[in-house]
Amino acid sequence: MLLVDGEPVSSAGSSSTGSIGRELVAALMRNPGLCAASDRLRAAPERRISSGHEEPRHVYVFQREYATVDPARVELVGTDEMTTCVGVVIRNTETGMTSISHMDFPKIVEGGLRQMLELLGDDNTPFDVHLIGGFDDASTKVVHSSGRKHKVQEGYSHPLCCKIVEALHKSQQQFHLRSFCVLGNNTMTDSYGNARPIIGGFVMQTSSGVVIPASFDMASRCPDEIVRRIRVSVSSYDPSWKGRLLETYDTHSDIFKIAPACWMPNWAEIASSLNQLSDSEVLLQCSTSPAAEPPHFVETERRMTKGSSPTTGQWDNRLTIGACCPTVGQWDNRIWKYLIENPDWEDTFPNYKPRIFHSTVDGRWSRHS
């Protein structure tokens, strides 16, 4: 059940597929309290997150990942690099246990929310929830069906938001919606007339539940950045991850446990061919929202692809089918290079076992297996 200001959010009662989500999103976008909360969030200064022993201990999630953390061990949880994706945070207000995910595709939502709730505690305890990210990337077209005209919204963010809101609404768990900074509440227009997100990243302070805009430097998106970025797209073709978010952090053991995923050897050819493209071609091939990507998008993409590649067309399908917003960091030269040099996934995940990282005294992470 979804609540705003302590009151249940209701739809018009339609039960057709997707219509409940659309009605709920429309109502939430008009809610004065949620609009005011979005105003405050957008006005807050962005925090830059770094790693090191003097920095607050944090857990970062990439696209399609989730993590549940204990506030006694982790001070901040966050994500960034969001364009059409949506960040979801659910917090048990009694214990402070917090789960965060970076949702990218409607088919991942229901299973992903179940994963997020597993370690949050008592089902009878109301949870706070924050939805942040995505923007007004939809365009309207008129289609003809059964002799009538219908307006259809195309885009990535709106269907994803509708699915998330509908899943929360249908749950037996009570969710108090505290932030709804998505779609039109998170959209600006640049000097070229392109719509783009205002907030592309955020962190939550686990002890207080306060959320602020944030970005992460390269060293803070750790550990195992390259392998974790690769998992995002290859997981779409690994049946063991169908309808599920990628497991990343083990709450009980306080370790990063990078769950395995496999890929086909021809991904090396894909990466190699992508590396031959111009910057503008990389942007068009590797993003669902080219006009909304930050300046470092192509550089990050090139860091990821020096290693695997069927044809460009094949690669384009793999990205857009499996991921809502492949971002700058997702397919850069380092990843492309890694795939080219490691075409066999078993070199990365021997015996399909996870990669384990323990924290060190200097605030970093060291691989143990």
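To keep things clear, this report deals only with the structure shown in the data block.

Conventions used here
Residues numbered from 1 in each chain as written. Predicted model: local features only at pLDDT ≥ 70, side-chain atom pairs only at ≥ 80, totals over all residues. Heavy atoms only, no water. Pairing = 2+ DSSP bridges. Helix = DSSP H or I, 4+ residues; strand = E, 2+ residues; numbered from the N terminus. Contact = heavy atoms within 4.5 Å. Axes fitted to C-alpha atoms, helices over the stretch in contact; angles between N-to-C directions. Core = buried A, V, L, I, M, F, W, Y, C linked by side-chain atoms within 4.5 Å. Buried < 20%, exposed > 50% of the residue type's maximum accessible area, 1.4 Å probe, protein only.

### Focus on the sheet that holds strand 17 (residues 246-247)
Part 1 of the argument: A sheet is described by the order of its strands in space; here eight strands give the open sequence 2-1-12-9-7-8-5-17, paired in mixed fashion. Among the strands making up the open sheet, the edge pair consists of strand 2 (7-8) and strand 17.
Part 2 of the argument: In the packing of helix 1 (residues 19-30) onto the sheet, the strands contacted are strand 1 (2-4) and strand 12 (175-182), and the crossing angle to strand 12 comes to about 80°.
Part 3 of the argument: Along the sheet, helix 2 (residues 32-43) makes contact with strand 1, strand 9 (127-133) and strand 12, crossing strand 12 at roughly 55°.

### Focus: the nonpolar core
Part 1 of the argument: By size, the foremost hydrophobic cluster in this structure holds 35 residues, and its most contacted members are Val88, Met103 and Leu131.
Part 2 of the argument: No other element matches the seven residues that helix 4 (residues 157-170) contributes to this core.
Part 3 of the argument: Ala67, Cys181, Ile199 and Val211 belong to the second-largest nonpolar core, a separate cluster that totals 22 residues.

### Side note on the side chain of Ser101
Part 1 of the argument: Along the chain, the position of Ser101 falls in strand 8 (residues 98-103).
Part 2 of the argument: With residues up to four places along the chain from it excluded, the contact list for Ser101 reads Val61, Glu65, Tyr66, Val86, Gly87, Val88, Met116 and Leu245.

### Focus on unusual backbone geometry
Part 1 of the argument: Cis rather than trans, the peptide bond between Cys222 and Pro223 has omega equal to 0°.
Part 2 of the argument: In this structure, Leu183 is a non-glycine residue whose phi angle is positive, near 50°.
Part 3 of the argument: Within the fold, Leu183 resides in the loop between strand 12 and strand 13 (187-189).
Part 4 of the argument: Residues other than glycine seldom take positive phi values, yet Asp224 does so here, at roughly 60°.
Part 5 of the argument: Its place among the elements puts Asp224 in the loop between strand 16 (211-216) and helix 5 (225-234).

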